Amino acid sequence: MSKTNPGRFFEDYRIGQVIRHAVPRTVAEGERALYHALYPARHALYSSDDFAANCGLEGSPMDDLIAFHTVFGKTVPDISLNAIANLGYAEGRWLLPVWPGDTLRSESEVIGLKENSNGKSGVLYVRTRGINQVGEVVLEFVRWVMVRKRDAASPAPEAVVPDLARVVAPADLVIPEGLDFSDYDFDLAGEPHRWGDYAVGEIIDHVDGVTVEEAEHMLATRLWQNTAKVHFDVTAREDGRRLIYGGHVISMARALSFNGLANAQMIVALNGGAHANPCFAGDTVRAWSEVLDKAETAVPGVGALRLRLVAHKGGAGDHRLKNAEGKYAPEVLLDLDYWALIPV
Amino acid sequence: MSKTNPGRFFEDYRIGQVIRHAVPRTVAEGERALYHALYPARHALYSSDDFAANCGLEGSPMDDLIAFHTVFGKTVPDISLNAIANLGYAEGRWLLPVWPGDTLRSESEVIGLKENSNGKSGVLYVRTRGINQVGEVVLEFVRWVMVRKRDAASPAPEAVVPDLARVVAPADLVIPEGLDFSDYDFDLAGEPHRWGDYAVGEIIDHVDGVTVEEAEHMLATRLWQNTAKVHFDVTAREDGRRLIYGGHVISMARALSFNGLANAQMIVALNGGAHANPCFAGDTVRAWSEVLDKAETAVPGVGALRLRLVAHKGGAGDHRLKNAEGKYAPEVLLDLDYWALIPV
Amino acid sequence: MSKTNPGRFFEDYRIGQVIRHAVPRTVAEGERALYHALYPARHALYSSDDFAANCGLEGSPMDDLIAFHTVFGKTVPDISLNAIANLGYAEGRWLLPVWPGDTLRSESEVIGLKENSNGKSGVLYVRTRGINQVGEVVLEFVRWVMVRKRDAASPAPEAVVPDLARVVAPADLVIPEGLDFSDYDFDLAGEPHRWGDYAVGEIIDHVDGVTVEEAEHMLATRLWQNTAKVHFDVTAREDGRRLIYGGHVISMARALSFNGLANAQMIVALNGGAHANPCFAGDTVRAWSEVLDKAETAVPGVGALRLRLVAHKGGAGDHRLKNAEGKYAPEVLLDLDYWALIPV
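From a predicted model like this one, the values you see are computed outputs, not experimental measurements. (Residues numbered from 1 in each chain as written. Chains lettered and ligands numbered in written order. Predicted model: local features only at pLDDT ≥ 70, side-chain atom pairs only at ≥ 80, totals over all residues. Heavy atoms only, no water.)

## A word on the interface of chain B and chain A
How big an interface is tends to be expressed through the accessible area that disappears when the partners come together. Tallying the contact residues gives 45 residues for chain B and 33 residues for chain A. For chain B, the biggest contributors to the area lost against chain A are B:Ala37, B:Arg42 and B:Leu188; these three give 20% of the whole. Between A:Lys229 and B:Asp208 there is a salt bridge, and its shortest N-O distance comes to 3.4 Å. Our count for the contact surface shared by chain B and chain A stands at 22 residue pairs in polar contact (both at pLDDT 80 or more). Counting only elements with at least two residues in the side of chain B that touches chain A, the list comes to helix H1 (29-38), helix H2 (49-54), helix H4 (186-189), strand S7 (203-205), strand S8 (210-211), helix H5 (214-223), helix H7 (258-261) and strand S10 (284-296) of chain B. Considering each element in turn, the side of chain B that touches chain A owes the most residues, seven residues, to H1(B). For the side of chain B that touches chain A, the per-class residue count stands at 19 nonpolar, twelve polar and 14 charged. (Contact = heavy atoms within 4.5 Å. Buried area = accessible area lost by both parts, 1.4 Å probe. Salt bridge = Lys/Arg side-chain N within 4 Å of Asp/Glu carboxyl O. Polar contact = N/O pair within 3.5 Å; in protein donor to acceptor, adjacent residues only side chain to side chain. Helix = DSSP H or I, 4+ residues; strand = E, 2+ residues; numbered from the N terminus. Nonpolar A, V, L, I, M, F, W, Y, C, P; charged D, E, K, R; others polar.)

Structure, rendered in structure tokens:
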């Protein structure tokens, strides 16, 4: 019997099944420093313990996306090793800050299964939870992927498609305990723009671009213990190119969005997202954002912006997202929909 | 007088001589994070403080190979700066865990000298010890290298070739104090295979591959303060290629071996090893292992596997190691023989 | 109104103006580890807590150049985003060690303004201070840059050119509190050469070279949160090449200078410096130093060397710095003038 992990196939999942993913991970100052080396990350709350303390926290938490990538990476061997495509995200919420020294593990619950009409694959929906060393859920999100069947002849399961919220309701956003922007230092944060300065429909071009390198995306993807072959092995794809982990593009775009959204400090919800086109080394990643919605929160002084974050590899960008047929334009890499907290 | 280090030549060594190597190094969370970024390392005991505590340790120690590379790197300016070849390893033992915050230095004792028949070089044998900040030996190993003579005319020393154990005896393996696998979580570790599930002679193909980049191996090699020119300077070799530090291949292969050997958590002895062929950027490193032997240890529940770890740059691999003449096949990069601890 | 930072133009500065730069940064073990991965850094005082403690410090401080780059990086969005050239440094002094866990921010005071005769740009002089979380100034330096005018028609300000010291006087060097070389371990430091062994006019060729990669310089430059486009975006320059941050060359050269200056442990002053020619990926960086001066300090046993550190991309190097017309030779990358502390 082979001792290596062949991954799971569509037939291996059952509604209600809970998979405890392997390899818990302690994240600390080293991961933080690497995050700053890998991405042009400058949101002050994740850069300075002092700034974070001034915002009512005990220190600077690990970047929200460090938590996301760490939790996500653990699911890969069980969920997406045989995936054909990563189809979507929904109902993502950050529930507790992750502090340096915390240990994260992941669990996924199967909440949907629908075989494709070709009989060769199916769509799997899972709700993944990131859990810290004392058993608290720090993060949860739903994702769905297209997974190969082991055997086209095996019978289709009863189709179950979960009813997912298109957007996390503002009332469901969890504000970190103690967060307080009443003494917020806009000079140190880098920009003067408050919640009230952003208008729904406003588009912000983040100006900067980063040309990405093979070494960088592999360092990042390994750091999150994501093992998908296509990111590392030039023989894994027919074109001999290493596909860049979609999360690398998310982090790059989010970091670039500092320029215009420096005060959108904390990501608290992931409403949806699509990896519109593959990203490869040599691409120059740029980003723009659109303000999709605004909401007040239960904490005075803390507002929420719902933002569309688009990463693209085009020129200066006319903020084109989709073409006439409703398909993503070829230069678009990412279309992400999230809520962030910002001083009112 | 030149103030720079010209390295030592064969004539500069004497049997019994002890060389205190320079530049002690404190290793901590930063080195751990970089190790996870540089290699697809997933052994749970080095990934999670919580998992390690559950195995009876005070937390997650530094990876065994972080200790090895750090101790090895310090020897380079004194031992192998003028080396023609790194010939072998023997009698390597990990004696104490290295904890985040520990400071390591190295000492080497000359235990063998044998001039080559060409009169231009000789073989030097040293026993190297890694020592922590309170003077405890944490690691020891023997290695031998071929070193240039400064002057072919200088007389040959009396030949001394040490009598080295072909394999570290199971009774000599040191089990870290407190190590206890009685509450071991196989789900979190990533695989169900115990000591009893492995058979002598069994071969495990580790499936995954990593295409290596110049930036990555240089980051790693510098991290261990290994200064050998050939790794960094395109003008150092006639072919204009940077030779990848053999230790980078060791760590890459060991990390890849997770897939099939996830529970072979701790390396406790290095029986031998050969860097069979040079590795260069662009090579895709793969690995397979062979179970060479099995042993019980003095600690109930803790077993030992003697493993051959082979790194290669070939295709899927027919586990070919040597050709008909007994020479390593050209795609083989590394042939390493070590003992690891695994739950019984 | 655009929310992104367009940078400041020459007209935006006034003599006496103090700019508080954004994004404070906590630096710790992660940044230290990355520094060792990015550069062949081996000065023992920054490598080992134990060695530093033996030199009277509470532990190993962050490398002087980590402090410099962190403080410098914060100034880029306000000072040099529209700079045409980085012209010089003067009066740099390290005033307090930066410890792991410290948070740094930067302030710059405008001390000089002189419009160029072409009316399109001007020279801006600023004194930048790095400030820790308790408000202490840890580092200060003057730099001057050529900055574009927004509008060539805007009137020239009254020209103010500060009177800058050509060299920091030895009496103004600040020796870290407690520094004591009386029990200094030359074996562990790596070389036997003391202050008394260096002669003014002596030139030391540091022998080693490092061929630099795109991924590495971008990791470094992001780590210091330096956002200048030219380092990251292949479309930013007409030649499609990413310019390597000058500070990357400074750190590379300083690390290479270990070989011959292993005991020149701490940088305490920056007298001046020029980025003589651009550095690009693929260049092999080498270095040589010249002893420009020697001084005793107020602390017995602690001497100071004034050193010229030259980075170049040439061959073995004839230590050529400038050509007959007084222009830097094309292979010279950096000409840096600094004071370092060394055991007497």
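Structure's up, so let's keep going.
## Examining the relation of the copies chain A and chain C
When chain A is fitted onto chain C, the two copies agree to an RMSD of 0.0 Å after a turn of 120 degrees and an axial shift of 0.0 Å. Accordingly, the operation relating the two chain copies is best matched by a three-fold axis. Of every C-alpha in chain A, the one belonging to A:Gly30 sits nearest the axis of rotation, 2.3 Å from it. Of all interface residues in chain A, a mere 9% are interface residues in chain C too; the two copies therefore contact each other through different surfaces. (Least-squares fit on C-alpha atoms with pLDDT ≥ 70 in both.)

## Describing the relation of the copies chain B and chain A
Superposition of chain B onto chain A requires a rotation of 120 degrees combined with a translation of 0.0 Å along the rotation axis, giving an RMSD of 0.0 Å. Little of the interface of chain B is mirrored in chain A, where only 9% of its interface residues are also at the interface.

## Concerning the interface of chain A and chain C
Each side of the interface is counted separately: chain A has 45 residues, and chain C has 33 residues. For the pair chain A and chain C, the two sides together bury roughly 3,000 Å², of which 57% comes from carbon and sulfur. In this structure, the connection of chain A to chain C is made through seven salt bridges. Between C:Arg20 and A:Asp187 there is a salt bridge; the shortest N-O distance is 3.3 Å. Between the two partners, chain A and chain C, sit 22 residue pairs in polar contact (both at pLDDT 80 or more). Secondary structure elements with two or more residues in the side of chain A that touches chain C: helix H1 (29-38), helix H2 (49-54), helix H4 (186-189), strand S7 (203-211), helix H5 (214-223), helix H7 (258-261) and strand S9 (284-296) of chain A. Considering every element that reaches the side of chain A that touches chain C, the biggest residue donor is S7(A), with eight residues.

## Let's talk about the pairing of strand S8 (residues 266-274) of chain A
Residues and elements named next belong to chain A. Extensive coverage of S8 is indicated by the burial of nine of its nine residues. Where S8 lies against strand S11 (residues 332-343), seven bridges are found, and the strand directions are antiparallel. Paired with methionine 266 across the bridge in S11 is leucine 341. (Buried < 20%, exposed > 50% of the residue type's maximum accessible area, 1.4 Å probe, protein only. Pairing = 2+ DSSP bridges.)

## Examining the nonpolar core
In this structure, A:Phe68, B:Phe68 and C:Phe68 are the most contacted members of the largest nonpolar core, which totals 183 residues. Discounting residues that sit within four places of it in the chain, B:Phe68 has contacts with B:Tyr89, B:Trp94, B:Leu139, B:Phe141 and B:Leu270. (Core = buried A, V, L, I, M, F, W, Y, C linked by side-chain atoms within 4.5 Å.)

## Remarks on the pattern of salt bridges
Scanning the entire structure with this criterion turns up 69 salt bridges over all chains. Residues C:Glu216 and B:Arg222 are paired through a salt bridge, measuring 3.0 Å at the closest nitrogen-oxygen approach. Linking C:Glu216 in helix H6 (residues 214-223) with B:Arg222 in helix H5, this pair reaches from one chain into another. When sorted by exposure, C:Glu216 lands in the same class as B:Arg222, which is buried. In this structure, the salt-bridge partner of B:Asp335 is B:Arg308, at a minimum N-O distance of 2.9 Å.

## Focus on the side chain of B:His43
All names here are of chain B. Turning to its location among the elements, histidine 43 is positioned in the loop between H1 and H2. A polar contact is formed between the side chain of histidine 43 and the backbone oxygen of leucine 261, at a distance of 3.0 Å. The residues touching histidine 43, leaving out its near neighbours within four places in the chain, are Arg254, Ser257, Phe258, Leu261, Ala262, Ala264 and Gln265.

## Focus on helix H4 (residues 64-80) of chain C
All names here are of chain C. Its axis deflected by about 35 degrees at lysine 74, H4 carries its strongest bend there, up to four residues before the proline proline 77. The buried fraction of H4 amounts to 17 of the 17 residues, a majority that puts the element mostly inside the structure. Sitting at the head of H4, aspartate 63 places a side-chain oxygen 2.8 Å from the backbone nitrogen of leucine 65. (Bend = angle between axes of the 7 residues up to and from the residue.)

## Some points on the domain arrangement of chain A
All names here are of chain A. When its domains are assigned, chain A resolves into domain 1 (1-27 + 62-152) and domain 2 (183-344). Taking only C-alpha atoms into account, the centre of domain 1 sits 21 Å from that of domain 2. Every contact between the two is made by 23 residues of domain 1 and, on the other side, 21 residues of domain 2. Interface of domain 1 and domain 2: buried area, both sides summed, is about 1,900 Å²; carbon and sulfur atoms make up 57% of it. For the interface between domain 1 and domain 2, the tally reads zero salt bridges. Applying the counting criterion to the domain 1 and domain 2 interface returns ten residue pairs in polar contact (both at pLDDT 80 or more). At the level of elements, helix H3 (64-79) and strand S3 (83-94) are the ones that each hand at least two residues to the side of domain 1 that touches domain 2. Residues of the side of domain 1 that touches domain 2, tallied by class, amount to twelve nonpolar, six polar and five charged. (Domains from an automatic or database assignment.)

## Regarding unusual backbone geometry
Residue and element names in this part refer to chain A. Phi at valine 207 is positive, roughly 70 degrees, even though this residue is not glycine. Considering the arrangement of structural elements, one finds valine 207 in strand S7. When its relative accessible area of 34% is taken as the criterion, valine 207 is described as partly exposed.

## Overview of the pairing of strand S5 (residues 121-131) of chain B
Residue and element names in this part refer to chain B. Where burial is concerned, most of S5 is hidden: ten out of the eleven residues are buried. With ten bridges joining them, strand S4 (residues 103-115) and S5 adopt antiparallel strand pairing. When the bridges of S5 are listed, glutamate 109 appears paired with arginine 127. Where S4 hands over to S5, the hairpin turn is made up of five residues, of which glycine 119 adopts a positive phi near 75 degrees. As judged from the eleven bridges shared by S5 and strand S6 (residues 137-148), these two strands associate in the antiparallel manner. Across the sheet, serine 121 pairs through a bridge with arginine 148, a residue of S6. Connecting S5 to the next strand, S6, in antiparallel fashion are five residues, including glycine 135 with a positive phi near 90 degrees.

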